[in-house]
Amino acid sequence: MKAPVSTAVAIGVGGVILLGYFLPVPYLTNLRLLLLQWAVFLAAAALFVAALNLSQHHWVRLTNRHEAGTSGLLLIALWGSFVLGLVYPLHSAAVRGLFRFLILPIGVALLGVLTVSLIYAALQMMRRRPGLFSVLFLTTAMLILLGATALPGIGPIPFLSDTLRPWLAQVPAAAGARGILLGVALGTVATGLRILLGSDRPYGE
Amino acid sequence: MTAWTTGLTDIAGLVCVALFLAVMLLGLVVKVPRPGRDLRPLHALRRLRQAIFLTVESGQRLHVSLGRGLLMHQQMAVGMVGLRALERLVSMTAAGDRPTIVTAGTGPLGILSRSTLHSAYETHHWEERYRPTDARVTGLTPFAYAAGAGEVIATENVAANFFLGAFGPEVALLADQAAARGEFVAAGSDSVLAQAVLYAVAEEPLIGEEAFAAAAYLGAGGLHATSLIAEDVFRWLLIALMVGGALFKLVGGHP
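Computed from a prediction, not measured in an experiment: that's the story for all the values here. (Residues numbered from 1 in each chain as written. Chains lettered and ligands numbered in written order. Predicted model: local features only at pLDDT ≥ 70, side-chain atom pairs only at ≥ 80, totals over all residues. Heavy atoms only, no water.)

J.: Would you take a moment to explain the packing of aromatic side chains for this structure?
T.: For any pair of aromatic rings, the description rests on two quantities: the centre-to-centre distance and the angle between the ring planes. Under the counting rule described, the total for this entry stands at 7 aromatic pairs over all chains. Between Phe48(A) and Trp79(A), the ring centres sit 6.2 Å apart and the planes meet at 80°, which makes this aromatic pair edge-to-face. Here the residue Phe48(A) occupies a position in helix α2 (residues 26-63), and Trp79(A) occupies one in helix α3 (residues 68-87), the gap between them amounting to 31 residues. With a relative accessible area of 25%, Trp79(A) lands in the partly exposed category. When the ring of Phe137(A) is compared with that of Tyr199(B), the centres are 4.9 Å apart and the planes differ by 50°; the resulting orientation is tilted. With Phe137(A) in helix α5 (residues 132-147) and Tyr199(B) in helix α7 (residues 192-201), this residue pair bridges two chains. Among the aromatic residues, those joined into a cluster by ring pairs are Phe48(A), Trp79(A) and Phe82(A). Taking NZ or CZ as reference, Arg129(A) lies 4.8 Å from the ring centre of Tyr199(B), over its face. (Phe/Tyr/Trp six-rings, centres within 6.5 Å; stacked < 30°, edge-to-face > 60°. Helix = DSSP H or I, 4+ residues; strand = E, 2+ residues; numbered from the N terminus. Buried < 20%, exposed > 50% of the residue type's maximum accessible area, 1.4 Å probe, protein only. Lys NZ or Arg CZ within 6 Å of the ring centre and 35° of its normal.)

J.: Hey, could you run me through the packing of α5(A) against helix α6 (residues 160-196) of chain A in this one?
T.: The geometry of a pair of packed helices is captured by two quantities: the angle between their axes and the separation between those axes. Residue and element names in this part refer to chain A. Between α5 and α6, the least distance of the axes is 9 Å, while the angle of their chain directions is 135°. For the element pair α5 / α6, the angle class is oblique. Taken as a pair, α5 and α6 cross one another with a handedness that is left-handed. Within the contact between the two elements, α5 uses Thr140, Leu143, Ile144, Leu146 and Gly147 and α6 uses Leu160, Ser161, Leu164, Arg165, Leu168 and Ala169. The residue inventory of the contact of α5 with α6, partitioned by class, reads 7 nonpolar, 3 polar and 1 charged. (Axes fitted to C-alpha atoms, helices over the stretch in contact; angles between N-to-C directions. Parallel < 35°, antiparallel > 145°, perpendicular 65-115°, else oblique. Left-handed = near helix turned anticlockwise from the far one by under 90°. Contact = heavy atoms within 4.5 Å. Nonpolar A, V, L, I, M, F, W, Y, C, P; charged D, E, K, R; others polar.)

Right under this line is the structure:
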């Protein structure tokens, strides 16, 4: 068997957390909370490892002089932000400024690019996958968008804004989303059980 | 809700989980369904297999993107399926000139993807093909991850992409970039928002629980296939309960 100790730990911890969730036994509940606290520490450590992994990749690029400028800038930004977060408290002007003047504008800019990408993709979809469902998808998206828009001089479009859009969002769209989420929930349960049975072991080497 | 009914709900939940497990194990004893024969064919995954063979033939790379599954969050489940699918995909592409490349957006998934990659090569006695740099964490926020993974798509001689994990709408940037370069894209996520976006952008989107079935359809083994049967059984039970509940309310019944 691949990595028997890791498998035993995963099955044991998973079993305790599952039982602690369902059975109101104080000892189990406390043990579950303790294990979850350990998991929080592990997640933080994993985040640090991820930062190191990212740095390693860009350090190699920097030393190989392959797009060294971009990689150097990224390394300075990554570890500069890290040091800033260590030196100053989270609510300080320096850290808030970093988010407000750098991270937020970059995120918003990418969101703008995303909007353009989606409009272009929606148009491409009709060419790539023509059919009833594509027409239905695009028509619904257009009606929802138009229903959320106020026209100059008219305001919200009558019937579309107050009747059709809420109905589309609350009845067929919500029903479809709930159906998808039920499928996702069942898939999640199956995945959890496979890990508890030791069938899925991504941690073994 | 009283303590008695809360206790009853907890016990019912545990019984449901136990029944789900029983159906999965029963499937192993009775008959393991074979995807494509006993289970409906999934077009997206059939196309992915074809794209992989073409990728290997042309000496290019497969890019697997595992998204941003967080530890202690239900999003990690689809990431776990992605890791199992990765194991299968590595064995399908290991004969090629260029190894599969993996990107992840969180620390735990980054560590696990590296471990899965190593383990998959080791299982097939291709240890010399394993390179730690083939599994990368490309960014720690959604858009940073998308930007980093986009760079992999653009610079690593990728011909086919498989996105399977927890994504947000930023996955559109990845799929759009790959499509613009003429690369194949199959993609699935547990998020409804990402699925809606992928329906428009990806060449082959996986909708709903299809993302969770991916590993089974790529030949991950018995329990993956029987868990699809358990999911179907419980889906029908839920449908019956919902229709029954609606009819019960319609005739004026009170729970």
